Amino acid sequence: MCKNPYIPHTATVEDTWYETGGDRCIKTFKVVFDDGKVRDQWSHLPGQCAMIGVLGVGESMISISCSPTEGQFLRFSVMRMGKVTQALHELEVGDKMMVRGPYGNNFPVDEWQGKKILTIGGGIGQAPLRPIVEYVRANQDKYEGLTMVYGARTSNDLCFKGEFEEMSKCDDLSCHLTIDVEEEDWQHNVGFVPQMLLDLDPSPENTIAITCGPPIMIRFVLENLKKLGFEDEQIYTTLENRMKCGIGKCGRCNAENMYVCKDGPVFSYAVLKETPEAFA
Ligand SMILES: Cc1cc2nc3c(=O)[nH]c(=O)nc-3n(C[C@H](O)[C@H](O)[C@H](O)COP(=O)(O)OP(=O)(O)OC[C@H]3O[C@@H](n4cnc5c(N)ncnc54)[C@H](O)[C@@H]3O)c2cc1C
Ligand code: FES
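Since the structure is predicted, the reported quantities are computational estimates derived from the model, not experimental observations. (Residues numbered from 1 in each chain as written. Chains lettered and ligands numbered in written order. Predicted model: local features only at pLDDT ≥ 70, side-chain atom pairs only at ≥ 80, totals over all residues.)

1. Quick notes on the overall build of the protein chain
Part 1: Looking only at helices and strands, the protein chain has 8 helices and 15 strands in total.
Part 2: For the protein chain, the C-alpha radius of gyration of 18 Å lies close to 19 Å, the compact-globule estimate for 280 residues.
Part 3: In terms of its C-alpha atoms, the protein chain occupies a principal-axis envelope of roughly 55 × 45 × 35 Å.
Part 4: Classification of the 280 residues of the protein chain by burial places 44% in the buried group.
Part 5: The long-range share in the protein chain, meaning contacts at least 24 apart out of those at least 6 apart in sequence, stands at 69%. (Helix = DSSP H or I, 4+ residues; strand = E, 2+ residues; numbered from the N terminus. Rg over C-alpha atoms; globule rule 2.2 N^0.38 Å. Buried ≥ 20, exposed ≤ 12 C-beta atoms within 10 Å, placed from the backbone. Contact = placed C-beta atoms within 7 Å.)

2. Concerning the nonpolar core
Part 1: Counting 75 residues, the largest nonpolar core has Ala50, Ile52, Ile117, Ile132, Ala209 and Val221 as its most contacted members.
Part 2: Non-local contacts of Ile117, meaning those with residues more than four positions away in its chain, are made with Trp112, Ile132, Val136, Tyr143, Leu146 and Ile208. (Core = buried A, V, L, I, M, F, W, Y, C linked by C-beta atoms within 7 Å.)

3. Overview of the site of ligand 1
Part 1: As a matter of local geometry, ligand 1 sits amid 20 residues, with Ser60, Ser63, Gly82, Val84 and Thr85 nearest to it.
Part 2: Counting only elements with at least two residues in the shell around ligand 1, the list comes to β4 (58-63), β5 (74-79) and α2 (83-89).
Part 3: Sorting elements by how many residues they give to the shell around ligand 1 places β4 first, with 4 residues.
Part 4: Residues of the shell around ligand 1, tallied by class, amount to 11 nonpolar, 6 polar and 3 charged. (Near = placed C-beta within 6 Å. Nonpolar A, V, L, I, M, F, W, Y, C, P; charged D, E, K, R; others polar.)

4. A few points about the pairing of strand β7 (residues 116-122)
Part 1: Extensive coverage of β7 is indicated by the burial of 7 of its 7 residues.
Part 2: Burial of β7 is two-sided: the residues Lys116, Leu118, Ile120 and Gly122 facing one way and the residues Ile117, Thr119 and Gly121 facing the other way are all buried.
Part 3: In this structure, β7 lies alongside strand β11 (residues 207-212), joined through 6 bridges in parallel fashion. Each residue of the ladder has a partner; that of Thr119, found in β11, is Ile210.
Part 4: Inspection of the sheet shows β7 paired to strand β8 (residues 146-152) by 6 bridges, in the parallel sense. (Pairing = 2+ DSSP bridges.)

5. What to know about the pairing of strand β6 (residues 96-103)
Residues in a regular strand point their side chains to alternate faces of the sheet.
Part 1: Across 4 bridges, the pairing between strand β1 (residues 9-18) and β6 is antiparallel. Note that in β6 the partner of Thr12 across the bridge is Lys96.
Part 2: Judged from the 4 bridges that link them, strand β3 (residues 49-54) and β6 form a sheet pairing that is antiparallel. Across the sheet, the residue bridging to Ile52 is Val99, located in β6.

6. So, the domain arrangement of the protein chain
Part 1: Here the protein chain is partitioned into domain 1 (9-102) and domain 2 (116-238).
Part 2: Between domain 1 and domain 2, the C-alpha centre-to-centre distance is 24 Å.
Part 3: Residue-level contacts link 15 residues of domain 1 with 14 residues of domain 2.
Part 4: Here the residues of the side of domain 1 that touches domain 2 are counted per class, giving 5 nonpolar, 8 polar and 2 charged. (Domains from an automatic or database assignment.)

7. Focus: the sheet that holds β8
Part 1: Read across the sheet, 7 strands follow the order β10-β9-β8-β7-β11-β12-β15 without closing on themselves; strand pairing throughout is mixed. The open sheet has two free edges, formed respectively by β10 (189-190) and β15 (266-268), since each of these has just one partner strand.
Part 2: Both β8 and strand β9 (residues 173-179) contribute to a ladder of 7 bridges, which runs parallel. Counted as the bridge partner of Ala152 is Ile179 from β9.

8. Quick notes on the sheet that holds β4
Part 1: The strand order across the open sheet built from 6 strands is β4-β3-β6-β1-β2-β5, with neighbouring strands paired in antiparallel fashion. Strand pairing shows two members of the sheet lacking a second neighbour, β4 and β5, which therefore form its edges. Within the sheet, the average angular offset between the axes of one strand and its neighbour, ignoring direction, is 40°.
Part 2: Bridging between β3 and β4 involves 6 bridges; their strand directions are antiparallel. In the strand pairing of β4, Met51 is matched with Met61. (Axes fitted to C-alpha atoms, helices over the stretch in contact; angles between N-to-C directions.)

9. A closer look at the environment of Lys30
Part 1: Turning to its location among the elements, Lys30 is positioned in strand β2 (residues 26-33).
Part 2: Separated by 14 residues in the primary sequence, Lys30 and Thr16 place their C-alpha atoms 6.1 Å from one another.
Part 3: Excluding residues that lie within four positions of it along the chain, Lys30 makes contacts with Glu14, Asp15, Thr16, Phe73 and Arg75.

10. What to know about unusual backbone geometry
Phi is mostly negative for residues that are not glycine, and the peptide bonds are mostly trans.
Part 1: Cis rather than trans, the peptide bond between Gly101 and Pro102 has omega equal to -5°.
Part 2: Of note, the bond from Gly264 into Pro265 is cis; its omega dihedral lies within 30 degrees of zero at 10°.
Part 3: Here Pro265 lies in the loop between α7 (260-263) and β15.
Part 4: With a phi close to 55°, Asn206 is a non-glycine residue in the positive phi region.
Part 5: Relative to the elements of secondary structure, Asn206 occurs in the loop between α5 (193-200) and β11.
Part 6: Judged by the 10 C-beta atoms lying within 10 Å of it, Asn206 is exposed.

Structure representation (structure tokens):
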């Protein structure tokens, strides 16, 4: 008999911390499946997501914000938006989280071997990019280097802050941070992400660029990548259409002839340009 795909696995919150403050604060959860068999069988790649939830409340599609190279646990970074994400934010260490997945396609990180990787993120958009950064760091000999461009409105709105200092010490990895307006003691760039990208002037040669963040940022980053000479096939992003089932059954996430939950969330710009409704 087939297993019901809607039945989630139980996981325990092992650690949790706030990345940012404010009304729409972002909280990260490190969770471990209770069942050892589920832990052993689980496999995901950067870009994939999971439906996570709280019993009796509901579930939401959330990017898996860790790389499989980090260990037998999952990380989710959740912005408090509404009913489900509020309930998730109330979970503390030792509490149970419901998880089903992994869902969606992944960034083709293995096809990208031998290339330079450029990630361009804004705000919570760094969550799906972080697994790429960690994956490339764990397989440094297979890539030509990694450049990370990341920005947020203020320094308090940057996720994963504690990790950047260590990252900047890695060979072949450069980390460029920016915030929208000047702040006392801020040692990095001030200005919008798309402008910082232009100023950095990365070469498109043998490079893959991946961008995730607010739609307005993505629009200008795409324009600027084109100005820098990147071809559509060298550019990737993710779509975050509202989802319900997560497995291509309900039609909630469809854009033209695609189910974003199954055909995405990762798309090359070459594909998205042919699907204007998906990218509206
Ligand atoms: C592929 C994918 C990956 C995602 N990854 C993450 C992630 O890593 N971290 C994270 O915090 N969120 C992520 N999201 C968004 C997350 O799924 C929604 O914010 C969440 O479901 C909101 O649920 P809620 O019940 O708390 O809020 P609701 O009560 O359902 O909504 C509250 C508000 O949020 C808006 N909203 C809800 N869903 C979305 C959405 N998909 N896009 C834009 N606005 C939305 C609603 O319009 C409403 O204004 C992702 C979504 C998708 C589809
Ligand atoms: S969320 Fe149901 S078909 Fe995609």
